[in-house]
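Examination of the molecular architecture
Residue strings, one per chain:
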Amino acid sequence: MIDINPNGKKMILSVDGGGLRGMISIAMLAELEKKTGKTCSELFDMVAGTSTGAVIAAGIGLGLSAQELLQEIYRTRLPDAFRAQPSGIGLYLRYALGGFRSLYTLDAFVQMIGPFAPGKKVGDFTKPIVFMTTRDVRTANTYFIVSKGPGAASFADWPVTGAVAASGAAPIFFPPVLGNLIDGGVGMHGNPCLAATVEAMEYISREDANFRDGNVIHMSLGTGFLPVTFDEGAGGRFGIIGWLKYLIEEVLADTTVNQVQATRTIYRDRVDLRRYNPYLLSESVSEKLGISLQNRPKPESVSTGLSVLDQPMMELMEEIGRVYADKVDWTAPNYVPWIETDGIDKGEGRDGGHPLPKIRGSAWKGTMFE
């Protein structure tokens, strides 16, 4: 057994958005529970999440173990909820008849989390504190749904299922909750680690003084990192569709790294921030994690959408999460997937984690800027 918190500090868990790639995160947490002999609700004082991360945060807040969430939600209820809806041509006919507004209904969220939260309100969460994000299209504001602190009163009577649905209502896939609330990952909070740290250290600390400098460990989990990669000079060939695709994918990829860097910069001497996120390129998965990909899907083909309902892909994501969780050092302070030396980011992935992007100096040779 390992002890990730030998000094009894306050523990925060935050989980990124990423659709059904949340299978990776929940598998990591199930492995962490094995290693510590404790459930996540016992390990953490605050759990935060966006979209699929909100599903995990709410489940932990309801007292479910990571292993229960893995089995009941990600292996069973989540796939069943979407398989119960139209597929193929039936799905797109409904999409068209609905005015091309959304592919799926919000029933999936009720079927997924509802049985575990009958009549539960956000204000019913006690230990751990639960924090989720959603965005209001009327004002472009992000709401930080929280169960403790100065902001808690605003969300105390929100139903848990509604809050989770609001955090995960990705545009095109789902209609806005109450006609206004969409996925909290639209914008900069797909990775909620900075927002959760600010909430804990600047606001919740007013009611719980133990959220103080030097007394907080924050574990931030990604849902797997996939770089946005194109051929050399591809940007010069983009048309409007190419740029739209690039901008959407790049915003999602950027937030996974940038929010960690911002949190480390702002709270470097105040919070022990540990980031865990496996790199999903085949080379890293096979060589660094030692997972055989023979006759299996390519991990690069995983998406944030519902194509991962494919059973072989779901099994691969779970294995990636478990193997990565077995390799990383959960006890190391200020752990990051890339290697840091003397405060300088080297950009190299370690333990199968994602590297930082790098620009080659040779790319400038022969240009007008040289």
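Check the entry above for the structure.
I will try to describe carefully the structure that is included in this document.

Thresholds, definitions, all that
Residue indices begin from 1 for each chain and proceed along its sequence in written order. Under the rules for a predicted model, residues below a pLDDT of 70 receive no local features and side-chain atom pairs below 80 are neither given nor counted, while totals for whole chains, interfaces and linings still include all residues. Note that water and hydrogens are dropped before the side-chain values are worked out from all heavy atoms of the structure. Whenever a carboxyl oxygen of Asp or Glu lies within 4 Å of a side-chain nitrogen of Lys or Arg, that contact is scored as a salt bridge. Think of it this way: any DSSP run of H or I at least four residues long counts as a helix, any run of E at least two long counts as a strand, and we number them from the N terminus. Three exposure classes are used, based on accessible area relative to the maximum for each residue type with a 1.4 Å probe and protein chains only: buried under 20%, partly exposed in between, and exposed over 50%. Take the residue count of a helix, subtract one, and multiply by 1.5 Å to get its expected span. Throughout, a residue-residue contact means that at least one pair of heavy atoms, one from each residue, lies within 4.5 Å. We define the nonpolar core as a collection of buried residues of types Ala, Val, Leu, Ile, Met, Phe, Trp, Tyr and Cys that are connected through side-chain atoms lying within 4.5 Å of one another.

Inspection of every chain in the model, using the stated rule, returns twelve salt bridges. Between Lys 10 and Asp 45 there is a salt bridge, and its shortest N-O distance comes to 3.9 Å. Of this pair, Lys 10 sits in strand S1 (residues 10–15) while Asp 45 is found in the loop between helix H2 (40–43) and strand S2 (46–49), placing the two residues 35 residues apart along the sequence. The salt bridge partner of Glu 202 is Arg 270, with a shortest N-O separation of 3.3 Å. With Glu 202 in helix H8 (residues 193–203) and Arg 270 in the loop between helix H9 (240–267) and strand S7 (272–276), the pair connects residues that are 68 residues apart, well separated along the chain. By relative accessible area, Arg 270 is classed as partly exposed at 24%. Members of the salt-bridge network, linked through shared partners, are Glu 31, Arg 75, Glu 318 and Arg 322.

Turning to helix H11 (residues 311–327), a few remarks are in order. With 17 residues, H11 should reach 24 Å at 1.5 Å per residue; the first-to-last C-alpha distance of 25 Å fits that figure. Along H11, the residues classified as buried are Met 313, Met 314, Leu 316, Met 317, Glu 318, Ile 320, Gly 321, Arg 322, Tyr 324 and Ala 325.

Turning our attention to the environment of Lys 34. With respect to the secondary-structure elements, Lys 34 resides in helix H1 (residues 22–36). Sequence separation between Lys 34 and Gln 67 is 33 residues, and the spatial gap between their C-alpha atoms is 9.3 Å. The contact partners of Lys 34, leaving out residues within four places of it in the chain, are Met 1 and Arg 322.

The biggest cluster of nonpolar side chains holds 72 residues, and the ones touching the most others in it are Leu 29, Phe 44, Met 219, Tyr 276 and Trp 330. Apart from the residues lying within four places of it in its own chain, the contact partners of Tyr 276 are Met 28, Met 219, Ser 220, Leu 221, Gly 222, Tyr 324, Val 328, Asp 329, Trp 330 and Tyr 335.

This part covers the side chain of Ser 41. If you trace the backbone, Ser 41 turns up in helix H2. Ignoring sequence-local partners within four residues, the contact set of Ser 41 consists of Ile 60, Lys 127 and Pro 128.

The next point concerns unusual backbone geometry. Between Lys 127 and Pro 128 the backbone carries a cis peptide bond, its omega angle lying at 0 degrees. If you trace the backbone, Pro 128 turns up in the loop between helix H6 (107–113) and strand S3 (129–136). Here Asn 295, not a glycine, exhibits a phi torsion of approximately 60 degrees, which is positive. Tracing the sequence through the fold places Asn 295 in the loop between helix H10 (282–287) and H11. Of note, Asn 334 is a non-glycine position whose phi angle comes to about 55 degrees, a positive value. Here Asn 334 shows up in the loop between H11 and strand S8 (338–341). We classify Asn 334 as partly exposed; its relative accessible area is 36%.

Structural measurements only, silent on function.
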